[in-house]
Amino acid sequence: MELLGHLADGFATSLSVTNLMIVLIGVTAGLFIGAMPGLGSVNGVAIVLPITFIVPPSSAIILLAAIYYGAMYGGAISSILLGIPGASTAVATTFDGRPMAQQGKAGLALIAAAVASFVGGTISVVLFTLFAAPLADVALAFGPPEEFALVLLAFTTFVGLGGDDVLKTIIMICLGLVLSTVGLDLISGQPRLIFFDQPGFYSGVSFLVLAIGVYGIGEILHTIETSKSAPAVTPAKLTFKELWLGLKEMNKLWRTMTFGSLIGFFVGMLPAAGATPAALMAYGLSKLMSKKPDSFGKGNIEGVVAPETANNAASTGSLLPMLTLGIPGSPTTALLLGGMVMWGLVPGPLLFIEQPDFVWGLISSLYTANFAAVIVNIALIPVFVWALRMPFTVLCAMVIVLCIVGGYAPNQKMHDVWLIVGFGVGGYVLRKADYPMAPLVLALVLGPLMEKSFRQTLIAEQGNVMAFVERPLSATFIAISAVFFLLPLLKHLHRFSRRKTAANESPAD
C-alpha cells in the first residue's frame, strides 16, 4: 500500500498540465532526434540539458526522460525506412526491419516497432516500480567475472547469425574485437593499432561510425549495384484496417515481447551494459528459440519485435543503477546523472528517502511518456511511410548526406567521415562475399566491456584463469555459452547422420 501511495503522489506531479506538455514535447522531439542517423538519445539529452535550469528539477528530469524514451522509439524509423540505424540501439532492428520495408511491409514494421517499444517500456517500468531495491542488489552481485561471462554468452548466441557458415561468423566477431582494441590501452595508456600514426585513432573506432558506414553507405552501394535501373519503391500507406491487422499480428508475439522485455531490463540495469547489447542479445536469443530461424534477416517480424522490446526495456533498466547506486547504466543515463548533480541532487539509496517527490515523479512520468510515445509514433507513421514514395535517386543522395552529417555531428571530426567511407566500401565487399555484419557490430560494442572485465578479473585474482568458473553465476553463463557454441556442430552431425542413414536405406543401383 505504501508503494501505491508513493506512485499516486508521483502521478500527481507528472500529470500536472505543465509536466504533461513537457512529456508531449519531449517524446515528439525525441522521436525525430532518434530517427536522424547519428544523433540518438545521448545527443538529444546533451543538447537539451543546458536549458533545464529554467524549470524545477522534477520537470527537468521528466523532460530529459521523455526525450530519452522518444529517441528509443525513433531509432527504429530510419532503421526500417532507410536501412540506417537512427541510433546504436536500433542496429538489430535493421536486420529484419529493412527487408520488411523492401517487401512493402513498412507500415507493419513500424507498427510492430511502436507496439513492441510500448510493451517493453511498460513491462520494464512495472518491474522498476515493484523490484527496484532487490534488483539493485542483483546488479551489485555482478563483478568482472560475471560481466565477462555474460558478454561471452552474447557472442555464442550470435554464432547462429551467420546462417550455417559458422566460420564466417567467428571471423567477423574476431574482426570486431580487433577494431574494439584500437585506441589507448585500458591499463597502461599506451596506443594500440594506431594505423599510420593517425591522431583520430587515439579515441578508438566509434560504434556509430561503423554502423553508419556498414548499414548506410554499404547498403546504398549494394542497392545501386543490384538495381540495373532505378527501382520503383513500393507504395505504402497506413489505414485503420492495416493498423488493426498489425495489432492483431502483434498479439501472436506476446512471448517474444515478454522475453525481450525481461532480457532488456536485466541487461540494461547492469552498469556499462546499456540498450545496444541488450537489443543484440535479445535478437540472437529470439533467433535461437524461433521455429523459423532461417527467416531471420529476411523480414521476420520477430526480428523487429525482439530488439525493440529489449532496447526500450533496457532504457528503463539503466535508470535503476543511476538512481539507487549513483552508477549510470548507459551513456544517456550518465548525462542524466550529471544533470541531477547540477540540480543539487545526490543519487543513491538515500534519494528515495530524502527526495521522494523527485523519484516518484520520475517513475510515474515514465508511464505517461511511454503512453504518449506510442500514440505520437503511430500517429506519425503515415508521415514516415510517405518517405518511401521518394524517387530512388533522391533517396540515395539523401541517405549519403545523412550518413556523412550523422557521422560528423557527434565529434565533428573529418576522420570519422573518412572512416564511414572506408567502412561503407568494406561492408559492401564483405556483403558480396556473404559475410554477416551483425557479429561485427556486436563485437565492436561488447569488445571493450569484455576486455575490461577479463583484465580486471585476472589482475584481482593474480592471473588465476579458474576464477571465471569458480563463481557460480559466471560458471553458469560460461556453461550455457559452451552449449550455444557447440549447437552448430551438433546440428551438423545430426544432418550428417540423417544423410548417412538415408543413403543406407536407399535401394542399391
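As the structure is a computational prediction, the values presented were derived from the model and not from experiment.

1. Let's talk about the packing of aromatic side chains
Alright, step 1. Enumeration according to the criterion identifies five aromatic pairs in this entry.
Alright, step 2. With 5.1 Å between their ring centres and 75° between their planes, F95 and Y283 make a pair best called edge-to-face. One end of the pair, F95, is in helix α5 (residues 91-102); the other, Y283, is in helix α12 (residues 275-289), and 188 residues separate them in sequence. In this pair, the class of F95 matches that of Y283, namely buried.

2. Digging into a nonpolar patch on the surface
Alright, step 1. Taken together, the side chains of L221, Y408, M414, W418, V421, V425 and V429 define a hydrophobic patch exposed on the protein surface, amounting to about 650 Å² of accessible area.
Alright, step 2. Among the elements that make up the nonpolar patch, the one with the highest residue count is helix α20 (residues 414-432) (five residues).
Alright, step 3. By the secondary structure assignment, L221 is in helix α9 (residues 207-226).

3. What to know about the environment of F142
Alright, step 1. You can see F142 is positioned in the loop between α6 (106-140) and α7 (144-157).
Alright, step 2. Among the residues examined, F142 registers a relative accessible area of 9% and is labelled buried.

4. Observations concerning the packing of α5 against α12
Alright, step 1. Relative orientation of the contacting elements α5 and α12 amounts to 40°, with a least axis distance of 7 Å. One way to sum up the angle between α5 and α12 is to call them oblique. Contact with α5, carried on its side by A92, F95 and D96, involves A279, L280 and Y283 of α12 and no other residues of that element.

5. Observations concerning the nonpolar core
Alright, step 1. Residues M250 and M340 are the most contacted members of the largest nonpolar core, which totals 94 residues.
Alright, step 2. Ignoring anything within four residues of it in the chain, the contact list for M250 reads A112, V115, A116, M257, I301 and V305.
Alright, step 3. Membership of the second largest hydrophobic core comes to 32 residues, among which are I84, I194, I212 and L444.

6. Overview of the confidence of the model for the protein chain
Alright, step 1. Scored by pLDDT, the protein chain comes out at a mean of 77, with 80% of its residues at no less than 70.
Alright, step 2. Of the regions scoring below 50 in pLDDT, residues 229-236 engages in ten contacts with residues more than four places distant in sequence or in other chains.

7. Examining the packing of helix α2 (residues 17-35) against helix α17 (residues 356-379)
Alright, step 1. Look at α2 against α17: their axes get within 9 Å of each other, and the N-to-C directions meet at 55°. As summarised for this structure, α2 and α17 are arranged oblique, according to the angle between their axes. For the crossing formed where α2 meets α17, the hand is right-handed. Residues V23, L24, V27, T28 and L31 of α2 touch α17, and the partners they reach there are T368, A369, A372, A373, V376 and N377.
Alright, step 2. The residue makeup of the contact of α2 with α17, split by class, is eight nonpolar, three polar and no charged.

8. Structural notes on the environment of S365
Alright, step 1. By the element assignment, S365 lies in helix α17.
Alright, step 2. Expressed as a C-alpha distance, the spacing of S365 and A66, which sit 299 residues apart in the sequence, is 8.0 Å.
Alright, step 3. Not counting residues up to four positions away in its chain, the partners in contact with S365 are S14 and I62.

9. Remarks on the side chain of N370
Alright, step 1. For N370, the position within the fold is in helix α17.
Alright, step 2. The class for N370 is buried, based on a relative accessible area of 2%.
Alright, step 3. In this structure the side chain of N370 is engaged in a polar contact, spanning 2.6 Å, whose partner is the side chain of Y73.
Alright, step 4. Excluding residues that lie within four positions of it along the chain, N370 makes contacts with Y69, Y73, S117, F118, G121 and T122.

10. Topic: unusual backbone geometry
Alright, step 1. Its identity is not glycine, yet L193 carries a phi of approximately 50°, on the positive side.
Alright, step 2. With respect to the element layout, L193 can be found in the loop between β2 (191-192) and α9.
Alright, step 3. Note on L193: relative accessible area 38%, which makes it partly exposed.
Alright, step 4. Even without glycine at this site, D434 takes up a positive phi of about 65°.
Alright, step 5. Along the polypeptide, D434 turns up in the loop between α20 and α21 (438-460).

Cut-offs applied
Residues numbered from 1 in each chain as written. Predicted model: local features only at pLDDT ≥ 70, side-chain atom pairs only at ≥ 80, totals over all residues. Heavy atoms only, no water. Phe/Tyr/Trp six-rings, centres within 6.5 Å; stacked < 30°, edge-to-face > 60°. Helix = DSSP H or I, 4+ residues; strand = E, 2+ residues; numbered from the N terminus. Buried < 20%, exposed > 50% of the residue type's maximum accessible area, 1.4 Å probe, protein only. Patch = residues over 30% accessible without salt bridge, like charges linked within 9 Å, V, L, I, M, F, W, Y side chains within 5 Å. Areas by Shrake-Rupley, 256 points an atom, 1.4 Å probe, with all protein chains shown as cover. Salt bridge = Lys/Arg side-chain N within 4 Å of Asp/Glu carboxyl O. Axes fitted to C-alpha atoms, helices over the stretch in contact; angles between N-to-C directions. Parallel < 35°, antiparallel > 145°, perpendicular 65-115°, else oblique. Contact = heavy atoms within 4.5 Å. Core = buried A, V, L, I, M, F, W, Y, C linked by side-chain atoms within 4.5 Å. pLDDT = per-residue confidence, 0-100. Left-handed = near helix turned anticlockwise from the far one by under 90°. Nonpolar A, V, L, I, M, F, W, Y, C, P; charged D, E, K, R; others polar. Polar contact = N/O pair within 3.5 Å; in protein donor to acceptor, adjacent residues only side chain to side chain.

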